[in-house]
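# Fold and contact review
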Amino acid sequence: MRAHPDEAKHYGDVKAELAKRFPYDSGGYVKGKDSLAKALEQKALVWKYSQNEQ
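Quick caveat: nothing in here was measured; it's all calculated off a predicted structure. (Residues numbered from 1 in each chain as written. Predicted model: local features only at pLDDT ≥ 70, side-chain atom pairs only at ≥ 80, totals over all residues. Heavy atoms only, no water.)

### Observations regarding the overall build of the chain
Broken down by element type, the chain carries two helices and zero strands. Against the 2.2 N^0.38 benchmark of 10 Å for 54 residues, the chain shows a C-alpha radius of gyration of 13 Å, more extended than a compact globule. In terms of overall dimensions, the chain has a C-alpha envelope of 45 × 20 × 10 Å along the principal axes. Within the span of the chain, comprising 54 residues, buried residues form 13% of the whole. About 4500 Å² of surface is accessible on the chain, with carbon and sulfur atoms providing 55% of the total. (Helix = DSSP H or I, 4+ residues; strand = E, 2+ residues; numbered from the N terminus. Rg over C-alpha atoms; globule rule 2.2 N^0.38 Å. Buried < 20%, exposed > 50% of the residue type's maximum accessible area, 1.4 Å probe, protein only. Areas by Shrake-Rupley, 256 points an atom, 1.4 Å probe, with all protein chains shown as cover.)

### Considering helix H2 (residues 26-53)
Since the α-helix packs 3.6 residues into each turn, any two residues three or four apart lie on the same face. Its 28 residues give H2 an end-to-end C-alpha distance of 39 Å, which sits within 8% of 40 Å, the value for a rise of 1.5 Å per residue. For H2, the principal kink sits at Asp-34 and spans about 40°. For H2, the set of buried residues is Gly-28, Tyr-29, Lys-33, Leu-36 and Leu-40. Each element contacted by the buried residues of H2 is listed here: helix H1 (5-21). (Expected span 1.5 Å × (residues − 1). Bend = angle between axes of the 7 residues up to and from the residue. Contact = heavy atoms within 4.5 Å.)

### A closer look at the environment of Ala-44
You can see Ala-44 is positioned in helix H2. Taking the C-alpha atoms as reference points, Ala-44 and Gly-27, separated by 17 residues in sequence, lie 25 Å from one another.

### Observations concerning the side chain of Lys-33
Residue position: Lys-33 is located in helix H2. Despite its burial, Lys-33 pairs with no opposite charge; the closest candidate is Asp-34, at 7.4 Å N-O. There is a polar contact of 3.3 Å between the side chain of Lys-33 and the side chain of Tyr-11. The residues contacting Lys-33, other than those within four sequence positions of it, are Tyr-11, Lys-15 and Leu-18. (Lys, Arg positive; Asp, Glu negative; His and termini not counted. Salt bridge = Lys/Arg side-chain N within 4 Å of Asp/Glu carboxyl O. Polar contact = N/O pair within 3.5 Å; in protein donor to acceptor, adjacent residues only side chain to side chain.)

Written as structure tokens, this is what we have:
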């Protein structure tokens, strides 16, 4: 995430909003960030492998 600060900020913003929406529902919080977390993970893996090829 350090290499992509815009992505990190977006993820942080989403997590903050979910924390407000689900203050007592950790399952709702986790479900809310799941698809974004998975998408960011995939982007990170693609980025990592592209860095290794250079």
